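A closer look at the structure
Residues per chain are reported as follows:
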Amino acid sequence: MTQIDALPPLREVIATHQLSARKSLGQNFLLDLNLTAKIARCVGDLTGADILEIGPGPGGLTRGLLAEGARRVLAIEKDARCIPALQEIAAAYPGQLDVVNADALEFDPTGQLQSPIHIAANLPYNVGTELLVRWLTPPQWPPFWHSLTLMFQREVAQRITAQPGSKAYGRLAVLAAWRSDAQIVMNLPPEAFTPPPKVSSAVVHLRALPAPRFEADAKTLERVVAMAFNQRRKMLRAALKGLAPDIEEHLRGAGIDPTARAETLPLEAFCALARSVKASA
Ligand code: SAM
């Protein structure tokens, strides 16, 4: 393994700072710096870009991002034990890395970064999906970020990039396709991580579109797809009963057969339904 910088190997960093992996924080670390540099390259051209990294842990991906030429990295880590290890990286890249000890679900990084901004993260999947939905559903578009490069369990990655009619198609696929181009750019086996998780992982790259593919209010669309897929085996007129008293009319008005099921509906139909519901609210 070649080193990508003059810092100690990650195994040594973990031993020095006693960073035993905690399951409660979803800690499965990437220790191969060649691999983290490869993931960093999935972000795109890093030179002249600010990166928001969520969950840097001992800093493998952070080092990849900096070694690949990121202008600046703002790293948000919940586990206070990792902060001294990350400060050592900051010292090796003066003025380029800022580390914040915070819960990414509570911390607002906007205002601390300059455009173009890319987001990179290897997070526990529940935190990752919650942040993904937030990043995809602000009221205004385009958002503060240009792209998201996110590690997920492979199954979640497939759900984000799924097409209508497939088993994986659901809320994440609709929201991702609405405002971004999303694709799986790398697959990783469990052994890539320390400790290895039970499942395989994949990196998803999402590029923000300049405008949503179809007009819709973000909160309404989010509610419509959440309800529609919450009971995905039910006909839409039943699954969406609580959405509006005259839901069958809304469905027909949006050109949707009320007896259809959510998994067959294309993005355009969900957006038409969200517009109809919003207009009558
Ligand atoms: N990026 C590192 C790597 O690739 O080796 C660590 C990845 S590990 C899967 C997930 C990291 O996210 C851990 O360092 C964990 O402490 C951190 N984390 C978990 N929940 C978080 C949250 N809500 N906010 C910020 N960081 C979080």
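Throughout what follows, the structure given in this document is the object of discussion.

Some points on the sheet that holds strand 6 (residues 147–153)
In a beta sheet, neighbouring strands pair by backbone hydrogen bonds and run either parallel or antiparallel. If you walk across this open sheet you meet the seven strands as 4-3-2-5-6-9-7, and the pairing is mixed. Each end of this open sheet is capped by a strand with a single partner; those strands are strand 4 (97–101) and strand 7 (180–188). This sheet shows a mean twist of 20° between the axes of neighbouring strands, independent of strand direction. Relative to strand 9 (residues 201–208), strand 6 runs antiparallel, the two sharing seven bridges. Bridged to Phe152 within strand 9 is Ala202. Relative to the sheet, helix 4 (residues 83–92) contacts strand 3 (72–77) and strand 4, its axis offset from that of strand 4 by approximately 165°.

Concerning helix 8 (residues 218–230)
Helix length check: helix 8, at 13 residues, gives a terminal C-alpha distance of 18 Å against a target of 18 Å (1.5 Å per residue), a fit within 8%. All buried positions along helix 8 are accounted for by Ala218, Thr220, Leu221, Glu222, Val224, Val225, Ala228 and Phe229. Check the buried side of helix 8 and you find it contacts helix 5 (125–136), helix 7 (171–179), helix 9 (236–239) and helix 11 (267–280).

Considerations on the nonpolar core
One finds Ile54, Leu132, Ile160, Leu221, Leu236 and Phe270 to be the most contacted residues of the largest nonpolar core, which totals 63 residues. Residue contributions to this core peak at eight residues, all from helix 11. When residues of this core are sorted by domain, at least three fall in each of domain 1 (10–208) and domain 2 (218–280). Beyond its immediate chain neighbours, meaning those up to four positions away, Leu236 contacts Ala228, Leu251, Ile256, Pro258, Ala260, Arg261, Ala262 and Leu265. By size, the runner-up hydrophobic cluster in this structure holds 38 residues, among which are Leu10, Tyr93, Ala120 and Leu188.

Basis of the calculations
- Residues numbered from 1 in each chain as written.
- Predicted model: local features only at pLDDT ≥ 70, side-chain atom pairs only at ≥ 80, totals over all residues.
- Heavy atoms only, no water.
- Pairing = 2+ DSSP bridges.
- Helix = DSSP H or I, 4+ residues; strand = E, 2+ residues; numbered from the N terminus.
- Axes fitted to C-alpha atoms, helices over the stretch in contact; angles between N-to-C directions.
- Contact = heavy atoms within 4.5 Å.
- Expected span 1.5 Å × (residues − 1).
- Buried < 20%, exposed > 50% of the residue type's maximum accessible area, 1.4 Å probe, protein only.
- Core = buried A, V, L, I, M, F, W, Y, C linked by side-chain atoms within 4.5 Å.
- Domains from an automatic or database assignment.

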